[in-house]
Amino acid sequence: MRFSVFTASTPQWTPQEAAAELAAQGWDGIEWRVTDQDDAPVPGFWTGNRATWPLRGLEANLPEIARITREAGLDYSGIGGYVPSSDRAGVERMLAATATLGAGRVRVTMPRLGTAPYPELFAATRDDLTWVAERAAAHGVTALIELHHGTIAAAASAALRLVDGLDPGRVAVIHDVGNLVIEGHEDHLAAFELLGPYLAHVHVKNVAWRPVGTRPDGSTAWAPDWAPLRSGQADLGAYFTALRAVGYDNWVTVEDFSTALPLLERTRDNLAYLRTLVG
């Protein structure tokens, strides 16, 4: 397996700093966050993130993205895009940019639950992904959908319904162990076996559910909170054992949104921990 970091989780670093620091620590690759974001007085994961490339004007930034990545000696694990699969013009741009960079794979996002009845969302998204697969083939890249809470693809079985029958070399799945603590957990080995060739990428973070108050009926209210890789509820040791059992030997991208440790120490410790899990 090869290890990379998604730059959503490195908000204090500029792209140049992120690439240099990760390379110095021994990471194999980087997954650049690409999206338009709001400014913030303090860099955060979702706003004011200094390691994010804007979607607006992306094409003009491609030579700089390539230069920074190349000079650091890093590979691309993929491109972390946020364009919905239904935005065909936006998807076309992301596929073309991914091909130009030689990054191989790019994420497209799934619709959120509640925006329309599930059968309607499913049917429309399946049509979108059929089109995405055709365009990804034209560009020689792969579009990835991520298992993500709150969307129509929260679980492996739900994602498989969306992509089943499409070319797994052109549309495939990101399995995300942290997101599954929030919603969508299925036995990992069974999920990997179910996805088969559609298991193309892995995201790793961790989550812990914590009590946050009392509901009107007097019961305890709980909410998920980002946790360090070593202390969240997901058993990462068992997770990597299951990955090895199905012969997974592709990219593992860390997106750690915990803040107990400073960023430099957090990324360094995460790599050391992952290496113990793959032994």
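Our subject in this report is the structure included herewith. A quick note: this is a predicted structure, and the numbers were derived from the prediction, not measured.

The rules behind the values
Residues numbered from 1 in each chain as written. Predicted model: local features only at pLDDT ≥ 70, side-chain atom pairs only at ≥ 80, totals over all residues. Heavy atoms only, no water. 1 Å grid on protein atoms, 1.4 Å probe; cavity = no way out; pocket = protein on both sides within 12 Å on 5 of 7 lines; lining within 4 Å. Points joined across faces, edges and corners; volume = space filled by probe spheres on them. Nonpolar A, V, L, I, M, F, W, Y, C, P; charged D, E, K, R; others polar. Phe/Tyr/Trp six-rings, centres within 6.5 Å; stacked < 30°, edge-to-face > 60°. Helix = DSSP H or I, 4+ residues; strand = E, 2+ residues; numbered from the N terminus. Buried < 20%, exposed > 50% of the residue type's maximum accessible area, 1.4 Å probe, protein only. Salt bridge = Lys/Arg side-chain N within 4 Å of Asp/Glu carboxyl O.

1. Observations concerning the layout of surface pockets
For the largest pocket, the calculated volume is near 420 Å³. Tallied by class, the residues present in the lining of the largest pocket amount to seven nonpolar, five polar and five charged.

2. Side note on the packing of aromatic side chains
Enumeration over the complete set of coordinates arrives at seven aromatic pairs. Between Phe45 and Phe257 the ring centres are 5.1 Å apart and the planes differ by 65°, which places this aromatic pair in the edge-to-face class. Of the two residues, Phe45 sits in the loop between β2 (29–34) and β3 (52–53) while Phe257 sits in the loop between β11 (251–254) and α9 (263–278), which places them 212 residues apart along the sequence. Exposure class is identical for Phe45 and Phe257. Each is buried. Ring geometry for Trp226 versus Phe257: centroids 5.3 Å apart, planes at 65°, classification edge-to-face. With Trp226 in strand β10 (residues 220–227) and Phe257 in the loop between β11 and α9, the pair connects residues that are 31 residues apart, well separated along the chain. Here Trp226 falls in the partly exposed class, since its relative accessible area comes to 27%. Put simply, the rings of Phe45, Trp46, Trp226 and Phe257 pair up and form one aromatic cluster.

3. So, the pattern of salt bridges
Under the definition given, this model contains twelve salt bridges. A salt bridge links Glu59 to Arg93; the nearest nitrogen and oxygen atoms lie 2.9 Å apart. Remark: Arg93 occurs in helix α3 (residues 88–101) and Glu59 occurs in helix α2 (residues 58–72); sequence separation between them is 34 residues. Assessed through its relative accessible area of 39%, Glu59 is described here as partly exposed. Taking relative accessible area as the criterion, Arg93 reaches 29% and is therefore assigned partly exposed. Its salt-bridge partner being Lys205, residue Asp176 comes within 2.6 Å of it at the nearest N-O pair. Of this pair, Asp176 sits in strand β7 (residues 171–176) while Lys205 is found in the loop between β8 (199–204) and β9 (206–214), placing the two residues 29 residues apart along the sequence. Grouping residues by exposure puts Asp176 and Lys205 together as buried. When salt bridges with common partners are traced through the structure, they connect Glu64, Arg67 and Glu71 into a single cluster.

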